[in-house]
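If you want the building blocks of each chain, they are given just below.
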Amino acid sequence: MNPSRKRAIRLSVALTAAVLLASALIYVSFSAGRDELTAAQLLVKARPGGQYILAGTVENGSVRRVGSLLHFRVLAPNRRASVPVTYSGVVPDPFAPGRAVMVNVTDDNGEFVGQQNTLTTKCPSKYQAASGAAVS
């Protein structure tokens, strides 16, 4: 067999393998993620035993501790719906009423139980424009 033909075949096989691997990587990276839901969306979509990512704002006056459990409500952006969450695990220092949070929850027949150590929060000062900075 001609050496230049062997090189062409090897190149074709290598390029085909590279395209297949790249396609698999793209598929896995986009299909692996779960969408975060607001409180209103969660109330509509939740099914017993389902696992969801809940994002929203901690409702003022809703935070209370009972033993090692933290109870709070997460508000939807329109502030018309809220979801009660029972959480155990590490609570970030900036956690407070009025802060944006994200937590993985499981629907336990209408009770939303936060999965341990999945609560994250954003500190508003980290996401505001610096004084004197141009805002677009």
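First, a word on what this report is: a plain description of the structure on this page. (Residues numbered from 1 in each chain as written. Predicted model: local features only at pLDDT ≥ 70, side-chain atom pairs only at ≥ 80, totals over all residues. Heavy atoms only, no water.)

## A short note on the overall build of the protein
Okay, so step 1: Along the protein, the regular secondary structure elements total 2 helices and 8 strands.
Okay, so step 2: Taken from N to C terminus, the helices and strands of the protein fall in the order α-β-α-β-β-β-β-β-β-β.
Okay, so step 3: Out of the 136 residues in the protein, the part that is buried amounts to 25%.
Okay, so step 4: For the protein, contacts bridging at least 24 residues in sequence account for 51% of all contacts bridging at least 6. (Helix = DSSP H or I, 4+ residues; strand = E, 2+ residues; numbered from the N terminus. Buried < 20%, exposed > 50% of the residue type's maximum accessible area, 1.4 Å probe, protein only. Contact = heavy atoms within 4.5 Å.)

## Details of the pairing of strand β6 (residues 100-108)
Consecutive residues of a regular strand have side chains that alternate between opposite faces of the sheet.
Okay, so step 1: As paired strands, strand β2 (residues 51-58) and β6 are joined by 7 bridges and run antiparallel to one another. Opposite Leu54, over in β6, you have Val103 as the bridge partner.
Okay, so step 2: Alignment of β6 against strand β8 (residues 120-122), held across 3 bridges, turns out to be antiparallel. Counted as the bridge partner of Ala100 is Lys122 from β8.
Okay, so step 3: Sheet analysis places β6 next to strand β7 (residues 111-114), joined by 4 bridges and oriented antiparallel. Each residue of the ladder has a partner; that of Thr106, found in β7, is Val113. (Pairing = 2+ DSSP bridges.)

## Here's the deal with the pattern of salt bridges
Close approach of charged atoms allows side chains with opposite charge to pair.
Okay, so step 1: The full count for this structure, using the stated rule, is 1 salt bridge.
Okay, so step 2: For the salt bridge of Arg73 with Glu59, the shortest nitrogen-to-oxygen distance reads 3.4 Å. With Arg73 in strand β4 (residues 69-75) and Glu59 in the loop between β2 and β3 (64-66), the pair connects residues that are 14 residues apart, well separated along the chain.
Okay, so step 3: The class for Arg73 is partly exposed, based on a relative accessible area of 29%.
Okay, so step 4: Look at Glu59 and you get partly exposed, because its relative accessible area is 24%. (Salt bridge = Lys/Arg side-chain N within 4 Å of Asp/Glu carboxyl O.)

## Overview of the pairing of β2
Okay, so step 1: Across the 8 residues of β2, 6 count as buried, placing the element largely inside the fold.
Okay, so step 2: Of the pairings in the sheet, the one linking strand β1 (residues 36-37) to β2 comprises 2 bridges and is parallel in character. Its bridge partner being in β2, Glu36 is matched across the sheet by Ile53.
Okay, so step 3: On the question of chirality, the crossover connecting β1 to the parallel β2 by way of helix α2 (residues 39-45) is right-handed.
Okay, so step 4: The pairing of β2 with β4 spans 2 bridges and is classified as antiparallel. Following the sheet pairing, Thr57 is matched in β4 by Leu75. (Right-handed = clockwise from strand over helix to strand, strands pointing away.)

## Looking at a nonpolar patch on the surface
Okay, so step 1: A grouping of Met1, Ile9 and Val13 is seen on the molecular surface, where their side chains present a nonpolar patch of about 320 Å² in accessible area.
Okay, so step 2: Counting through the fold element by element, Met1 comes out in the segment before α1 (3-31).
Okay, so step 3: Using a relative accessible area of 66% as the deciding quantity, one classes Met1 as exposed. (Patch = residues over 30% accessible without salt bridge, like charges linked within 9 Å, V, L, I, M, F, W, Y side chains within 5 Å. Areas by Shrake-Rupley, 256 points an atom, 1.4 Å probe, with all protein chains shown as cover.)

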